[in-house]
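# Coordinate analysis (summary)
Each chain is listed here by its residues.
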Amino acid sequence: MSQYLDKIEAKPGSQPASIHNEKQISDPYEASLCEEQIEHAPQGTASASKALFMLLKAFVGTGVIFLPKAFSNGGLILSIVLMVILGTICLGSFQLLVAAQQRIGGSYGDVAHHLYGRYLKMLINFFLCISQMGFVASYLIFISENIGIVVNTVNSCNAPFDAKYYTWIVIAAIIPVCWIRKIARLSYIAILADVFIAFNLVCVLYFTSNQISHNGFGENVILINQKDFGLMIGTATFSYEGIGMILPIVEGMKHPEKFPRVVSAGICISTLVFMLIGAMGYSAYGNITQASVVSNLPRVPLSTTVQVLYSCAMILTCPFMLYPALEIIERAIFGLRSGQANLTVKWLKNFVRSLVPIVCTAVSFGVGSSNLDKFVSLVGCVACVPLCFIFPGLFHYKVTKNKYLKAIDVLLVVWGLGIMIYTMYITINSWIHPATSTTIVFDIDGCSS
């Protein structure tokens with residue numbers, strides 16, 4: 001899950017981890033949806049091992065199931081190489097972001113405001129909203145597709161309506177949860193979602209390895225896909241959705257100087273998991289790999305359980321993913337007005353908080369499961385690339401006097417801009433001019449159309 005924690009309550013008598021922590025952050029959205037994950041580790045008390053665990057929870061989430069299709073777009077060998085390159089660049093970018101934050105203090109938005117003014121902070125908040133809402137829209141597509149598969153499996157292919165309509169049923173359960181302001185109250189839901197995701201990833205590895213051992217590699221597994229590898233870059237960047245957790249984890253560590261080793265270990269482990277799931281999924285199913293590999297699993301009770309649990313995990317995850325966007329939008333519309341003493345303001349805020357997931361649902365309904373891989377890539381290149389590459393380079397350029405490091409910052413920003421423009425072009429072009437194929441389409445429902 002992508003989180004954006006910008007203040008952490010300290011225990012009475014505890015010392016702040018940084019002199020900048022004495023400043024109070026006034027904006028409500030500076031509190032993160034990851035509050036529930038580290039409230040047990042107050043500021044300046046988290047060990048290096050606990051910080052590593054939180055970092056892995058941030059990165060290894062729901063986005064990993066989209067990687068097998070990304071490997072199909074990039075080719076097996078090229079995708080592995082690109083994952084290593086992207087992981088290395090992400091690691092360097094995160095290190096630069098932390099170095100800049102240590103000089104300025106505060107949150108991602110605070111650093112932007114201090115170095116470049118409120119307009120860049122507003123831009124970052126915009127990208128944060130787009131990324132979080134894009135994550136949720138992609139999750140809703142996945143959820144509706146999997147519910148449709150489960151219904152067809154259980155009901156002998158007698159589905160009452162098309163799978164995409166299930167999004168409007170699911171959103172009815174998500175909206176009331178979005179009204180909750182203190183996300184820490186939902187900590188057990190977040191833990192439950194993480195357990196479901198871990199179990200499901202193990203099952204995915206079991207099914208894909210079983211498929212390979214019994215049937216060999218899938219058909220038409222290619223090593224290098226020169227045409228569509230841009231889609232792979234966007235989806236891979238989407239997978240590194242934990243950028244918002246970097247600064248909160250640093251602030252929560254007892255020994256922040258150990259963070260470089262923590263983030264190095266975290267990125268290495270995450271990248272290995274990404275490559276393992278992506279390579280195994282694509283190798284097992286080849287050219288019939290679906291946008292979410294869970295849809296490729298055979299129709300047996302265990303796979304149905306995986307689809308149900310993964311859908312539940314994503315439903316539980318959606319309110320957390322939307323939390324930063326909800327707070328930013330609510331703050332922009334209502335300012336400091338509180339709904340505690342004014343019932344009208346309270347329900348107007350709830351109405352706005354209801355509109356945000358409804359917009360996500362409308363987007364997912366319009367995109368549909370057939371375009372899920374392209375949509376995930378678009379979210380990755382439009383929203384995630386700037387947050388992962390461009391802004392960290394801009395921040396560090398302002399705080400360092402080392403000419404060598406300034407050159408690296410410039411290269412990082414240029415890389416981010418170049419990747420963003422190129423992947424956007426590839427993704428939009430593939431959407432406008434979809435490739436024609438003579439390959440037999442795999443029926444994920446197991447039902448005749």
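None of the values given here were measured: they were computed from a predicted structure.

### What about the overall build of the protein?
Across its full length, the protein carries 15 helices and 0 strands. The long-range share in the protein, meaning contacts at least 24 apart out of those at least 6 apart in sequence, stands at 86%. For the protein, the accessible area works out to roughly 19000 Å², and carbon and sulfur atoms hold 66% of it.

### Some points on the packing of aromatic side chains
On inspection of all chains with the given rule, the structure shows 8 aromatic pairs. Geometrically, the ring pair formed by Phe142 and Tyr310 is edge-to-face, given 5.7 Å between the ring centres and 75° between the ring planes. Here Phe142, found in helix H6 (residues 118-154), pairs with Tyr310, found in helix H12 (residues 301-334); they are 168 residues apart in sequence, far enough to count as distant. Note on accessibility: Phe142 and Tyr310 belong to one class, buried. Joined through ring pairs, the aromatic side chains of Phe126, Phe127 and Phe391 make up one cluster. Taking the ring centre of Phe365 as reference, the NZ or CZ of Lys164 above it sits at 4.7 Å. Taking the ring centre of Tyr397 as reference, the NZ or CZ of Lys406 above it sits at 4.0 Å.

### What about the packing of helix H14 (residues 372-399) against helix H15 (residues 403-432)?
Across the interface, H14 lies against H15 with an axial gap of 8 Å and an inter-helix angle of 165°. In terms of orientation, H14 and H15 fall into the roughly antiparallel class. As H14 runs across H15, the sense of the crossing is left-handed. The residue inventory of the contact of H14 with H15, partitioned by class, reads 21 nonpolar, 7 polar and 3 charged.

### Digging into the packing of helix H7 (residues 166-178) against helix H13 (residues 343-367)
Interhelical geometry of H7 versus H13 gives an angle of 155° and a closest axis separation of 9 Å. When the axes of H7 and H13 are compared, the pair comes out roughly antiparallel. Of the two possible hands of crossing, H7 and H13 adopt the one that is right-handed. Between H7 and H13, the contacting residues are Thr167, Trp168, Ile171, Ile175 and Cys178 on the first element and Arg353, Ser354, Pro357, Ile358, Thr361, Ala362, Ser364 and Phe365 on the second. Residues that form the contact of H7 with H13 fall into these classes: 8 nonpolar, 4 polar and 1 charged.

### As for the confidence of the model for the protein
In the predicted model, the protein carries a mean pLDDT of 77, and the fraction of residues at 70 or more is 81%. Mean pLDDT values for the elements of the protein range from 39 in helix H1 (residues 35-38) up to 88 in helix H11 (residues 259-285).

### Quick notes on the pattern of salt bridges
Per the stated rule, a full pass over the model turns up 3 salt bridges. A salt bridge links Asp110 to Lys121; the nearest nitrogen and oxygen atoms lie 3.6 Å apart. In this pair, Asp110 is assigned in helix H5 (residues 108-116) and Lys121 in helix H6, connecting sequence segments 11 residues apart. As far as burial versus exposure is concerned, Asp110 and Lys121 are alike and both buried. In this structure, Glu330 engages Arg353 in a salt bridge whose closest nitrogen and oxygen atoms are separated by 2.7 Å. A residue pair is termed long-range when its members are at least 10 positions apart, and Glu330 in helix H12 and Arg353 in helix H13 qualify at 23 residues.

### Focus: a nonpolar patch on the surface
On the surface, a nonpolar cluster with roughly 660 Å² of combined accessible area is contributed by Phe161, Tyr165, Trp168, Ile169, Phe351, Leu355 and Ile358. Of all the secondary-structure elements, those providing two or more residues to the nonpolar patch are H7 and H13. Along the chain, Leu355 falls in helix H13.

### Focus on the nonpolar core
Among the nonpolar cores identified, the biggest contains 110 residues, and Ile246 and Phe395 are the most heavily contacted of them. It is H6 that provides the largest number of residues to this core, a total of 14 residues. Not counting the four nearest positions on each side in its chain, Ile246 is found in contact with Leu55, Phe59, Phe94, Val98, Phe259 and Val263.

### Observations concerning H7
The end-to-end C-alpha distance of H7, which contains 13 residues, comes to 19 Å, matching closely the 18 Å that a straight helix rising 1.5 Å per residue would cover. Roughly 30° is the biggest bend found in H7, and it falls at Ala172, with proline Pro176 one to four residues downstream. Every buried residue belonging to H7 is among Tyr166, Thr167, Val170, Ile171, Ile174, Ile175 and Cys178, and all of these are buried. Structurally, H7 contributes buried residues whose contacts are with H6, H12 and H13.

### Considerations on the environment of Asn350
By secondary structure assignment, the location of Asn350 is in helix H13. Separated by 20 residues in sequence, Asn350 and Glu330 place their C-alpha atoms 9.3 Å apart. Aside from chain neighbours lying at most four places away, what touches Asn350 is Trp179 and Arg181.

### So, unusual backbone geometry
In this structure, Asn220 is a non-glycine residue whose phi angle is positive, near 55°. Its location among the elements puts Asn220 in the loop between helix H8 (187-215) and helix H9 (229-239).

How each quantity is defined
Residue numbers run consecutively from 1 along every chain, following the written order of its sequence. Side-chain atom pairs in this predicted model are given and counted only at pLDDT of 80 or more, local residue features only at pLDDT of at least 70, and totals for whole chains, interfaces and linings cover all residues. Heavy atoms from the whole structure form the basis of all side-chain values; hydrogens and water molecules are not counted. Put simply, DSSP marks the helices as runs of H or I at least four residues long and the strands as runs of E at least two long, and each gets a number from the N terminus on. Contacts are assigned to residue pairs that have any heavy atoms within 4.5 Å of one another. We get accessible surface area from the Shrake-Rupley algorithm with a probe of 1.4 Å; when it comes to residues, only the shown protein chains can shield them. Aromatic pairs are defined between Phe, Tyr and Trp rings, using the six-membered ring for Trp, whenever the two ring centres lie within 6.5 Å; interplanar angles under 30 degrees are classed as stacked, those over 60 as edge-to-face, and all others as tilted. Only protein chains enter the accessibility calculation, which uses a 1.4 Å probe; a residue whose area is less than 20% of its type maximum is buried, one above 50% is exposed, and one in between is partly exposed. Either the NZ atom of lysine or the CZ atom of arginine qualifies as a charge over a ring when it sits within 6 Å of the ring centre and within 35 degrees of the ring normal. To obtain each axis, a line is fitted to C-alpha atoms, and for helices this fit is confined to the stretch in contact; angles are then taken between N-to-C directions over 0 to 180 degrees. Angular relationships are summarised with four words: roughly parallel below 35 degrees, roughly antiparallel beyond 145, roughly perpendicular across 65 to 115, and oblique for the angles in between. Crossing handedness is read from the near helix: turned anticlockwise from the far helix by less than a right angle, it gives a left-handed crossing, and turned clockwise, a right-handed one. Each residue gets one label: Ala, Val, Leu, Ile, Met, Phe, Trp, Tyr, Cys and Pro are nonpolar, Asp, Glu, Lys and Arg are charged, and the others, such as Gly, are polar. Confidence of the predictor at the level of single residues is given by pLDDT, which spans 0 to 100. When a carboxyl oxygen of Asp or Glu lies within 4 Å of a side-chain nitrogen of Lys or Arg, that pair is called a salt bridge. Each patch is built from residues that are more than 30% exposed by relative accessible area and take part in no salt bridge. Like charges join if they lie within 9 Å; nonpolar side chains (Val, Leu, Ile, Met, Phe, Trp, Tyr) join within 5 Å. Residues belong to a common nonpolar core when they are buried Ala, Val, Leu, Ile, Met, Phe, Trp, Tyr or Cys residues joined through side-chain atoms within 4.5 Å. Each helix should span, by expectation, one fewer than its residue count multiplied by 1.5 Å. Values of bend correspond, residue by residue, to the angle between axes fitted over the seven residues ending at that residue and the seven starting there.

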